[in-house]
There are 2 protein chains.
Amino acid sequence: MYHLKDLQLAIRIADLHSVSAAARELGMTPASASAALQRLEHKLNCQLFARSTRNMQLTEEGQAFIDTGRQALSLLQGASDALADKRGELRGELRIALPSDLGRNRVRAWLDELTAQAPELTLRLYFGDQLDDLIEQNVHLALRYGELQDSSLMRRQLARMHRVAVASPEYLDRHGRPSHPQQLSQHKILLLNRGNTPWHKWRFADKRQPLEVELTGSKSCNDGAVVKEWALAGEGIAYKSWFDVAQEVTEGRLELLLTDYLAEPIPLQLTYLQTEYPSHKVRTCIEFLKQKCLAFDSQYPLPKP
Amino acid sequence: MYHLKDLQLAIRIADLHSVSAAARELGMTPASASAALQRLEHKLNCQLFARSTRNMQLTEEGQAFIDTGRQALSLLQGASDALADKRGELRGELRIALPSDLGRNRVRAWLDELTAQAPELTLRLYFGDQLDDLIEQNVHLALRYGELQDSSLMRRQLARMHRVAVASPEYLDRHGRPSHPQQLSQHKILLLNRGNTPWHKWRFADKRQPLEVELTGSKSCNDGAVVKEWALAGEGIAYKSWFDVAQEVTEGRLELLLTDYLAEPIPLQLTYLQTEYPSHKVRTCIEFLKQKCLAFDSQYPLPKP
DNA sequence: AATCATTTTCAAAAATTTTTTGACATGTAC
DNA sequence: GTACATGTCAAAAAATTTTTGAAAATGATT
């Protein structure tokens, strides 16, 4: 009879296709993880993984085992959580994936507030603007813009927020202020990469008619926070959520552009796995962030033309 | 994160209301089991059991935890079994509860045949004529006479077999042969105890009409094998399944009585828990016993009048 | 009421298991 | 081709679990 930790490890190895990566995540050495996996395979008398030095792939048998192992572990996790829940305790680890800019500059502080109230809660934040697989990421919650289509996920909408074009006053003084989205092509454009390719279609609306402009960037990167920093440094025009730039605009460090051509607002959603009823700590975090978003809305109303 | 063995132990402690009993069953010392339980409770940060020195009772929280723990463990067991199944291997432990007489004198030999063919299979037999709780007994299969009413159990009928009254020729020579069930009350009667009270109503039939006679025993015990030994020793008349006495009757050591008044045959059933799809080893055992019962039927046909 | 046979638990020692350490062979990326 | 990361190995070190022997507690029995 094997150790539950070994099962958890095997599941993560299957998710990440890597012993080392799983070991790092679970805070153990690769050697120890390798030994644990072999232990498990030996006890099951079955080779779960087909190994090449560079890649771990589940065997057919391994697939079946890991699948139901995942179910069982989820049940057990739920049972443990339920115990803590009943006592109304907020303890344990909370793993959250966040968009880089929103995460660093706004949500991080909110979550710090939450953990100040609940000191037994351990926070693990994963910043990034790539829409990675929630299972692979192994987080409880992922905060993401836009509609998610993965049906295995539950979602809770926190807000709907406009995307806006912004640039620094210095840049605009030098290069002029575009008065229509079509004029953007004559500007330096700062793009966010999603996946491998820049996200180069910006959405606006002209008298309620959708208007999409396709742009080539003078700079692009995969981190939304860096895009904003470029904009602040006068490197060009960025297309950001109002969430991300409200404060800078209020302070006058960034300037709103093309507010007559705002497209429909984009939802900001919190997604989580459907496999388990969210535990007390997760539910609390969801509600907390929902409150904070509401407060944000009234503190920073988007200046309408 | 706790050890799976600790969960299994906790489940058995909950079933048996005893650390020691669970420890004995799982082949560990009470001290080690106690330590393991405390380890688990500590890791869950929750008292699973309300303890008195003499009795372990699940707390409300413990109940919830053990319930889903049981599910999870069953899933995991199933996953492990499935691995062995796929390879068509017959290995692991097989725990079977058997009626005392049938078990000792017939099925044991059959099962020895099975394990001779499958040497990796470990047999654990539990003899007894008390219809104990299958969950509490923790067996894969229980062989029982009669209709079971517990709906959480699956059943497979192995045979239908008549109950017959038997006694040794010596006894009958001395006390005479009853020619009608009603005359049994003038005889020495050997009864089987089920639960605390003797099972003193014997069923016959007179021209297809059920005929039940209520008897007082001159001897009774809770073990069917002992009842047969009494009958062989000429202590009186016993009421047994034809399975149990076919060989002795064929050899002339017991004599069939009242064969004109046989009641409906009673089913012999193999019951197992519904929680898991039976594993390969369990299915194999079921089929094997079914075959053996069929072979028995043709080897020892009940002599009809 | 007192004894008895069990039961749970404890603490220290012993045994077992797991992790670390340092190394090596192998495959991938540049 | 070189540099780097990966999976595994063997021995040592560390951590965990089990045993051992004994003590305290409790329900049953006398």
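Since this is a predicted model, take the numbers as computed values, not measurements.

Attention shifts here to the pairing of strand 8 (residues 189–194) of chain B. Residue and element names in this part refer to chain B. By the criterion of burial, strand 8 is predominantly enclosed, with 5 of the 6 residues buried. Pairing geometry for strand 8 and strand 13 (residues 237–241), over 2 bridges, is parallel. By the bridge assignment, Ile-189 is partnered in strand 13 with Ile-237. In this sheet, strand 12 (residues 219–221) lies alongside strand 8 in parallel orientation, the contact comprising 3 bridges. Bridge assignment links Leu-192 to a residue of strand 12, and that residue is Cys-221.

Two pairing modes exist for strands in a sheet, parallel and antiparallel, and in both the strands are linked by backbone hydrogen bonds. Residues and elements named next belong to chain B. The sheet built from 5 strands is open, its strands ordered 4-3-5-15-6 with mixed pairing. Taken across any chain shown, the strands that pair with only one partner, and hence form the sheet edges, are strand 4 (121–127) and strand 6 (153–161). In this sheet, adjacent strand axes meet at a mean angle of 20° when their direction is disregarded. Pairing geometry for strand 6 and strand 15 (residues 266–273), over 8 bridges, is antiparallel. Note that in strand 15 the partner of Arg-155 across the bridge is Thr-271. In this fold helix 5 (residues 100–117) packs onto strand 3 (92–98), strand 4, strand 5 (141–145) and strand 15, with an angle of close to 180° to the strand it touches most, strand 4. Lying on the sheet, helix 10 (residues 280–299) is in contact with strand 3, strand 4, strand 5, strand 6 and strand 15; it crosses strand 6 at an angle near 15°.

Our focus in this paragraph is the packing of aromatic side chains. The geometry of two aromatic rings is summed up by the distance between their centres and the angle between their planes. Residues and elements named next belong to chain B. Using the criterion set out here, one finds 10 aromatic pairs over all chains in the structure. Their ring planes at 55° and their centres at 5.6 Å tell us that Phe-204 and Tyr-239 sit as a pair that is tilted. In this pair, Phe-204 is assigned in strand 10 (residues 201–206) and Tyr-239 in strand 13, connecting sequence segments 35 residues apart. The same class applies to Phe-204 as to Tyr-239, namely buried. Both rings, one in Phe-296 and one in Tyr-300, keep their centres 5.2 Å apart while their planes meet at 40°; by these two values the pair is tilted.

As a further point, take the domain arrangement of chain A. Many descriptions give the size of an interface as the accessible area lost when the pieces come together. Considered domain by domain, chain A is made up of domain 1 (4–82), domain 2 (91–160 + 271–299) and domain 3 (163–257). Relative placement of domain 1 of chain A and domain 3 of chain A: their C-alpha centres are 44 Å apart.

Attention shifts here to the relation of the copies chain B and chain A. With an RMSD of 0.1 Å, the fit of chain B onto chain A corresponds to turning through 180° and sliding 0.0 Å along the axis. The transformation just described matches what one would write down for a two-fold rotation axis. When the interface residues of chain B are mapped onto chain A, 100% of them again fall at the interface, so both copies present the same face.

Near DNA strand D lie 19 residues; those nearest to it are Ser-20, Ser-34, Gln-38 and Arg-51 of chain A together with Thr-53 of chain B. Sugar and phosphate atoms represent 84% of those atoms of DNA strand D found within 4 Å of the protein. Note that a phosphate oxygen of DNA strand D is positioned 3.1 Å from one of the backbone N or O atoms of Val-19 of chain A. Counting only elements with at least two residues in the surface near DNA strand D, the list comes to helix 2 (19–25) and helix 3 (30–44) of chain A together with helix 3 (30–44) of chain B. It is helix 3 of chain A that contributes the most residues to the surface near DNA strand D, 4 residues altogether. Its residues assigned to classes, the surface near DNA strand D comprises 5 nonpolar, 8 polar and 6 charged.

Take the protein's contact with DNA strand C next. Residues in contact with DNA strand C amount to 19 residues; listed here are only the nearest, Arg-39 of chain A together with Val-19, Ser-20, Arg-51 and Arg-54 of chain B. Near the protein, meaning within 4 Å, the atoms of DNA strand C are sugar or phosphate in a fraction of 77%, with bases accounting for the rest. One of the side-chain N or O atoms of Thr-29 of chain A is found 3.2 Å from a phosphate oxygen in DNA strand C. Within the side chain of Gln-38 of chain B, an N or O atom sits 3.0 Å from a phosphate oxygen of DNA strand C. Looking at the surface near DNA strand C, the elements that each hand over two or more residues are helix 3 of chain A together with helix 2 (19–25) and helix 3 of chain B. Here the surface near DNA strand C is built from residues that sort into 5 nonpolar, 8 polar and 6 charged.

What follows is about the interface of chain B and chain A. Taken together, the contact pairs 28 residues of chain B with 28 residues of chain A. Interface of chain B and chain A: buried area, both sides summed, is about 2,600 Å²; carbon and sulfur atoms make up 66% of it. Inspection of the region where chain B meets chain A yields 1 residue pair in polar contact (both at pLDDT 80 or more). When contributions to the side of chain B that touches chain A are tallied by element, the ones reaching two or more residues are helix 1 (4–16) and helix 4 (60–86) of chain B. Per-element tally for the side of chain B that touches chain A: the top contributor is helix 4 of chain B, with 15 residues. Taken together, the residues that form the side of chain B that touches chain A break down as 13 nonpolar, 8 polar and 7 charged.

What follows concerns helix 8 (residues 224–232) of chain B. Side chains three or four residues apart in an α-helix point the same way, a direct result of the helix having 3.6 residues per turn. Residue and element names in this part refer to chain B. Taken as a whole, helix 8 has its buried residues at Gly-224, Ala-225, Val-227, Lys-228 and Ala-231. All buried residues of helix 8 lie within an arc of 160° about the axis, which places them on one face of the element. Taken together, the buried residues of helix 8 touch helix 5, strand 8, strand 12, strand 13 and helix 9 (242–250). In the stretch just after helix 8, Gly-234 is the one whose phi turns positive, near 75°.

Here the focus is the pattern of salt bridges. Overall, the coordinates contain 42 salt bridges over all chains when judged by the stated rule. Here Glu-41 of chain A makes a salt bridge to Arg-51 of chain A, at a shortest N to O gap of 2.9 Å. Taken together, the residues Glu-41 of chain A in helix 3 and Arg-51 of chain A in strand 1 (residues 49–52) connect sequence positions 10 residues apart. Glu-120 of chain B is paired through a salt bridge with Arg-91 of chain B; the nearest N and O atoms lie 3.1 Å apart. On the criterion of sequence distance, the pair formed by Glu-120 of chain B in the loop between helix 5 and strand 4 and Arg-91 of chain B in the loop between helix 4 and strand 3 is long-range, its members being 29 residues apart. Taking relative accessible area as the criterion, Arg-91 of chain B reaches 33% and is therefore assigned partly exposed. One network of salt bridges, in which partners are shared, links Asp-101, Lys-228, Lys-240, Asp-244 and Glu-248 of chain A.

Rules and cut-offs
Residues numbered from 1 in each chain as written. Chains lettered and ligands numbered in written order. Predicted model: local features only at pLDDT ≥ 70, side-chain atom pairs only at ≥ 80, totals over all residues. Heavy atoms only, no water. Buried < 20%, exposed > 50% of the residue type's maximum accessible area, 1.4 Å probe, protein only. Helix = DSSP H or I, 4+ residues; strand = E, 2+ residues; numbered from the N terminus. Pairing = 2+ DSSP bridges. Axes fitted to C-alpha atoms, helices over the stretch in contact; angles between N-to-C directions. Contact = heavy atoms within 4.5 Å. Phe/Tyr/Trp six-rings, centres within 6.5 Å; stacked < 30°, edge-to-face > 60°. Domains from an automatic or database assignment. Least-squares fit on C-alpha atoms with pLDDT ≥ 70 in both. Near = heavy atom within 4 Å. Polar contact = N/O pair within 3.5 Å; in protein donor to acceptor, adjacent residues only side chain to side chain. Nonpolar A, V, L, I, M, F, W, Y, C, P; charged D, E, K, R; others polar. Buried area = accessible area lost by both parts, 1.4 Å probe. Arc of directions from axis to C-beta. Salt bridge = Lys/Arg side-chain N within 4 Å of Asp/Glu carboxyl O.

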